[in-house]
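Okay, here's what each chain looks like letter by letter:
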Amino acid sequence: MEKMIVAVFDNDTQAYEGVTQLKTLHAQADLTLFAMSVIAKDASGKVEILQAADQGPIGTLFGT
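A quick note: this is a predicted structure, and the numbers were derived from the prediction, not measured. Each residue is numbered by its place in its chain's sequence as written, counting from 1. Reporting in this predicted model follows two pLDDT cut-offs: at least 70 for local features of residues, and 80 or more for side-chain atom pairs to be given and counted; totals over whole chains, interfaces and linings ignore these cut-offs and use all residues. Values reported for side chains reflect all heavy atoms of the structure, with hydrogen atoms and water molecules removed beforehand.

J.: Any chance you could break down the environment of Ile49 for me, citing the residues and the numbers?
T.: A run of DSSP states H or I qualifies as a helix once it reaches four residues; a run of E qualifies as a strand once it reaches two. Both are numbered from the N-terminal end. Topologically, Ile49 is positioned in strand E2 (residues 47-52). Judged by relative accessible area, which is 40%, Ile49 ranks as partly exposed. Remark: the alpha-carbon pair of Ile49 and Ser37, spanning 12 residues in sequence, is separated by 7.3 Å. A 1.4 Å probe rolled over the protein chains alone gives each residue an accessible area, and that area as a share of the maximum for its type sets the label: buried under 20%, exposed over 50%, partly exposed in between.

This is how it looks when you write it as structure tokens:
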């Protein structure tokens, strides 16, 4: 993997809209997605994986 995009949103709705836009860019061949995940962190710090198309970048993301 050469590049990673991390986007932070205020809520789940905005995050899923971001996912939709990234998938649209992929379909138009404007970028290539190899994997995608939606991860949420609540006020207490608990992390939850809401959507994972591939487990590949999750370890990299948590390692960052």
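J.: Mind laying out helix H1 (residues 12-27), listing which residues take part and the relevant values?
T.: Between its first and last C-alpha, H1 extends 23 Å over 16 residues, near the 22 Å set by a 1.5 Å rise per residue. Taken together, the buried positions of H1 are occupied by Ala15, Gly18 and Val19. The arc that holds the buried residues of H1, viewed along the axis, is 105°, so those residues lie on one side. Exposed side chains of H1 directed beyond 90 degrees from the buried face belong to Thr13, Gln21 and Ala27. Close packing links the buried residues of H1 with strand E1 (37-41) and E2. With a side-chain oxygen positioned 3.2 Å from the backbone nitrogen of Thr13, the residue opening H1 is Asn11. Positive phi shows up at Ala29, right after H1, with a value of about 65°. Expected span, for any helix, means 1.5 Å times one less than how many residues it has. For this quantity, the arc is that covered by the directions from the helix axis to the C-beta atoms. The contact definition used throughout considers only heavy atoms, calling two residues in contact when any of these lie within 4.5 Å. N or O atoms closer than or at 3.5 Å make up a polar contact, with two conditions inside protein: a donor-capable atom paired with an acceptor-capable one, and, for residues adjacent in sequence, both atoms drawn from side chains.

The analysis is restricted to geometry; functional conclusions fall outside its scope.
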